[in-house]
Amino acid sequence: MKKEVLLKLARAAIAEAVGISYTLDLDNMMEENPWLKEEGACFVTLTIGEHELLRGCIGSIVAHRPLYEDLIHNAKSAALNDPRFPSLTQDEFEKITVEVSILTPPQKVEYSAIDDLKSKIRVGTDGVILKHDASHQATYLPQVWEQLPDFESFFMHLCMKAGMGMECLAFHPEIHTYQVEEYKEGSR
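Residues numbered from 1 in each chain as written. Predicted model: local features only at pLDDT ≥ 70, side-chain atom pairs only at ≥ 80, totals over all residues. Heavy atoms only, no water.

Caption draft 1: How the structure looks around the overall build of the protein. When you go through the protein residue by residue, the secondary structure sums to 6 helices and 8 strands. What you see for the protein is a C-alpha radius of gyration of 17 Å, in line with the 16 Å of a compact globule of 188 residues. Projected onto its principal axes, the C-alpha coordinates of the protein cover approximately 55 × 35 × 30 Å. In the protein, buried positions account for 47% of the 188 residues. Restricting to contacts in the protein with at least 6 residues of sequence separation, those with at least 24 account for 69%. (Helix = DSSP H or I, 4+ residues; strand = E, 2+ residues; numbered from the N terminus. Rg over C-alpha atoms; globule rule 2.2 N^0.38 Å. Buried < 20%, exposed > 50% of the residue type's maximum accessible area, 1.4 Å probe, protein only. Contact = heavy atoms within 4.5 Å.)

Rendered as structure tokens:
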């Protein structure tokens, strides 16, 4: 039930963003699913094609508005405003797969050295936020472990995403972890 509600709401928001008519009774959906009004943080990921190539991914790390508002905003932003991709077209709308990830509140990880950090990160389970200062911050959802399945490659790429060198853990950046409830079109 929750999966269908989240994915339908995301798909409707994307349809609206690209100018496609899509019927959705938001008021009725909210009445039947009051949990949508609770504060929540989510990411919306769009993939395309049989190889599920990334087509957009935007989200919120910390809950700061009702979940339904966060979901609508991030779905539209993933379709139109991910700086890595051109805006989604109407022709691509039926070809994309939508995934919604609901985040738990981030927890700061206290660590003394890289080996200590390595012992506290749960590969395949934890999403990770890396912060060094105001201009160097990045996150990877737990699903990224599927492409970067070991600690070293995961953090090397996360460091580069944050605009730092591959060895940024040497600077002892602030690390937070979170987990997700993942809902994807076409999956169980």
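That was the structure; now back to the text.
Caption draft 2: Expanded view of the layout of surface pockets. Here the largest pocket is characterised by a volume of approximately 700 Å³. Along the walls of the largest pocket sit 24 residues, with Thr45, Leu54, Cys57, Leu141 and Val144 positioned nearest its centre. For the lining of the largest pocket, the element with the highest residue contribution is strand β2 (residues 53-59), accounting for 4 residues. When grouped by side-chain class, the residues that make up the lining of the largest pocket number 9 nonpolar, 7 polar and 8 charged. Reported here for the second largest pocket is a volume of approximately 170 Å³. Ile114, Lys118, Phe151, Glu152, Ser153, Phe155, Met156, Met166, Glu167, Cys168, Leu169 and Ala170 are the residues that line the second largest pocket. Of all the elements in the fold, those that place two or more residues in the lining of the second largest pocket are α5 (114-120) and α6 (151-161). In terms of residue count, the dominant contributor to the lining of the second largest pocket is α6 (5 residues). Classifying every residue of the lining of the second largest pocket gives 8 nonpolar, 1 polar and 3 charged. (1 Å grid on protein atoms, 1.4 Å probe; cavity = no way out; pocket = protein on both sides within 12 Å on 5 of 7 lines; lining within 4 Å. Points joined across faces, edges and corners; volume = space filled by probe spheres on them. Nonpolar A, V, L, I, M, F, W, Y, C, P; charged D, E, K, R; others polar.)

Caption draft 3: Structural context of the pattern of salt bridges. Within the structure shown, the criterion is met by 10 salt bridges. A salt bridge links Lys2 to Glu181, with the shortest nitrogen-to-oxygen separation between them at 3.1 Å. With Lys2 in helix α1 (residues 2-18) and Glu181 in strand β8 (residues 180-184), the pair connects residues that are 179 residues apart, well separated along the chain. The exposure class assigned to Lys2 is partly exposed, which follows from its relative accessible area of 31%. Asp70 is the salt-bridge partner of Arg65, the closest N and O atoms lying 2.8 Å from each other. Across the pair, exposure class does not vary: Arg65 and Asp70 are buried alike. (Salt bridge = Lys/Arg side-chain N within 4 Å of Asp/Glu carboxyl O.)

Caption draft 4: Highlighting the sheet that holds strand β7 (residues 174-178). An order of β4-β7-β5-β6 is seen for the 4 strands of this open sheet, with the pairing classed as antiparallel. What marks the edges here is a single partner per strand, and that holds for β4 (107-109) and β6 (136-140). Strand after strand, the sheet turns through a mean of 25 degrees between neighbouring axes, direction not considered. (Pairing = 2+ DSSP bridges. Axes fitted to C-alpha atoms, helices over the stretch in contact; angles between N-to-C directions.)

Caption draft 5: Looking closely at the state of the cysteines. For the coordinates displayed, the defined rule picks out 1 disulfide. The disulfide that involves Cys159 links it to Cys168, with 2.0 Å between the sulfurs. With the S-S dihedral at roughly -70 degrees, the linkage between Cys159 and Cys168 falls on the left-handed side. For the pair shown, Cys159 and Cys168 are each scored as buried. The cysteine Cys42 is free of any disulfide, with Cys57 supplying the nearest cysteine sulfur at 10 Å. Since its relative accessible area comes to 0%, Cys42 is described here as buried. (Disulfide = S-S within 2.5 Å.)

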